[in-house]
Amino acid sequence: MSVATRDANPSVDAPVAPPRVVRQRRVRPGLLGLAVLLIALGGLGSAFAVTSVRATGSYLAVAHAVEVGSVVRADDLVSVQVAGGQGLAPVPAGRLADVVGMRAAVALAPGTLLTMAQLTNDPLLGPGQQQLALGLRAAQVPAPKLRPGDEVLLVSTPSNDDSGPASGATRFTATVTDAVSTDGRDEVVVYLALAVRDVPAVVALAAQDRIAVVLTRAA
């Protein structure tokens, strides 16, 4: 007699889930362009940094204060290392010999870079002025040291045969452009800027040693 048996765990074909399709994200053209721009800017920044480092050089800076009109000396300047400096136009340290002996066209402050625009070889004369050199004995100088920019008054003194009152003295205004003490002599040469019309009279009075100098305003 045959007996039919059943499998306790009959294999049943289970339904198969369909595969999931992953959708690819589309890259927006705007974001791609932004990424390219950032990469380019990064490259430019690196190039600028390298260029700045390579542009480091030695330049002249002011070590001591130099007044307007004063002659620049070698010990007034110092060599410094500057990176970049685009647009500043500082004077290279190698040009020290070129600037020594020139005059300061503006007041030079310590710690600042020197530029050629701050220097001049011309006398500090205004419109309608001429420069005159006046030799004075040390006792005739109205201050321990006259400086460029000092304003003075030139007063005529009576002649030896003039017994009249001093109230009739002639006065001329002038500005000091420089003052130099002569070596081994008790004399100071004062360079003055004064009006062209006053030059002949002052020269005549100076030849007669009839000039007194009065300091009216210090620079």
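Counting of residues starts from 1 at the beginning of each chain's written sequence and follows it residue by residue. Whole-chain, interface and lining totals are the exception, using all residues; otherwise, since this is a predicted model, local features are given only for residues with pLDDT of at least 70 and side-chain atom pairs are given and counted only at 80 or more. Only heavy atoms go into the side-chain values, all of them from the structure, while hydrogens and water stay out.

### Quick look at the environment of L88
Only runs of H or I of at least four residues qualify as helices and only runs of E of at least two qualify as strands under DSSP, and these elements are numbered from the N terminus. Mapping L88 onto the fold places it in the loop between β2 (77-82) and α2 (96-99). Looking at L88, the relative accessible area reads 48%, which means it is partly exposed. Taking the C-alpha atoms as reference, L88 lies 8.5 Å from L113; in sequence the two are 25 residues apart. Non-local contacts of L88, meaning those with residues more than four positions away in its chain, are made with L113 and T115. Think of it in three bands: with a 1.4 Å probe and only protein chains considered, a residue is buried below 20% of the maximum accessible area for its type, exposed above 50%, and partly exposed in between. Contacts are assigned to residue pairs with any non-hydrogen atoms lying within 4.5 Å of each other.

### Side note on the pattern of salt bridges
Any two side chains of opposite charge can pair, given that their charged atoms come close. Here, a salt bridge means any side-chain nitrogen of Lys or Arg that lies within 4 Å of a carboxyl oxygen of Asp or Glu. Counted under the stated rule, the structure contains seven salt bridges. One salt bridge connects R217 with E151, and the closest N-O pair in it is separated by 3.3 Å. Here the residue R217 occupies a position in strand β9 (residues 211-217), and E151 occupies one in strand β6 (residues 151-156), the gap between them amounting to 66 residues. Judged by relative accessible area, R217 falls into the partly exposed class, the value being 44%. Within this structure, R73, D75 and D76 form a network of salt bridges that share partners.

### Some details on the side chain of Q118
Looking at the element boundaries, Q118 is found in the loop between β3 (103-104) and β4 (119-120). At 3.0 Å, the side chain of Q118 and the backbone nitrogen of T115 are in polar contact. Ignoring any residue separated from it by four or fewer positions in sequence, one finds Q118 in contact with R103, A104, A105, V106, L108 and L113. Under this definition, polar contacts are N or O atom pairs within 3.5 Å; protein pairs additionally need one hydrogen-donor-capable and one acceptor-capable atom, and for neighbouring residues in sequence, both atoms have to be side-chain atoms.

### Thoughts on the confidence of the model for the protein chain
As a per-residue measure, pLDDT tells how confident the predictor is, with possible values from 0 to 100. Taken as a whole, the protein chain shows an average pLDDT of 79; of its residues, 69% reach a score of 70 or greater. Note on residues 1-5: pLDDT is under 50 here. Beyond four places in sequence and across chains, it has zero contacts. Confidence over residues 49-54 falls short of pLDDT 50; this stretch has two contacts with residues more than four positions distant or in other chains.

### Concerning unusual backbone geometry
A positive phi angle, close to 55°, is found at D209, a residue other than glycine. Overall, the relative accessible area of 46% leaves D209 in the partly exposed class.

### Considering the sheet that holds strand β5 (residues 129-137)
With respect to topology, five strands assemble into an open sheet ordered β5-β8-β7-β6-β9, the strand pairing being antiparallel. Bordering the open sheet on either side are β5 and β9, each of which pairs with just one other strand. Averaged over neighbouring strand pairs, the angle between their axes works out to 40° when direction is ignored. Any two strands with at least two DSSP bridges between them are considered paired. Sheet analysis places strand β7 (residues 171-181) next to strand β8 (residues 187-195), joined by seven bridges and oriented antiparallel. Considered in β8, the bridge of A179 is made with V190. Each axis is a line fitted through C-alpha atoms, and for a helix only the stretch in contact is used; angles between axes span 0 to 180 degrees, taken between their N-to-C directions.

### Let's talk about the environment of Q140
Along the chain, Q140 turns up in the loop between β5 and β6. Along the sequence, Q140 and A212 sit 72 residues apart, while their C-alpha atoms lie 7.0 Å from each other. For Q140, the contacting residues outside a window of four places in its chain are D209, I211 and V213.

### Here's the deal with the side chain of D76
Note on placement: D76 falls in the loop between β1 (57-62) and β2. On the basis of relative accessible area, D76 is assigned to the buried category, the value being 5%. Contacts of D76, omitting those with residues within four sequence positions, involve A61, V62, A63, H64, V66 and V71.

### Quick word on the nonpolar core
Core analysis: the biggest nonpolar cluster contains 20 residues, and L154 and L192 have the highest contact counts within it. Going through the elements one at a time, β5, β6, β7, β8, α3 (199-207) and β9 are the ones with two or more residues in this core. Among the elements that line this core, the one with the most residues is β8, at four residues. Setting aside its immediate chain neighbours within four residues, L192 contacts Q130, Q131, L132, L134, V152, L154, A174, T175, V176 and T177. The criterion is simple. A nonpolar core is a set of buried Ala, Val, Leu, Ile, Met, Phe, Trp, Tyr and Cys residues joined through side-chain atoms within 4.5 Å. Counting twelve residues, the second largest nonpolar core, distinct from the first, contains L77, V91, V99 and A104.

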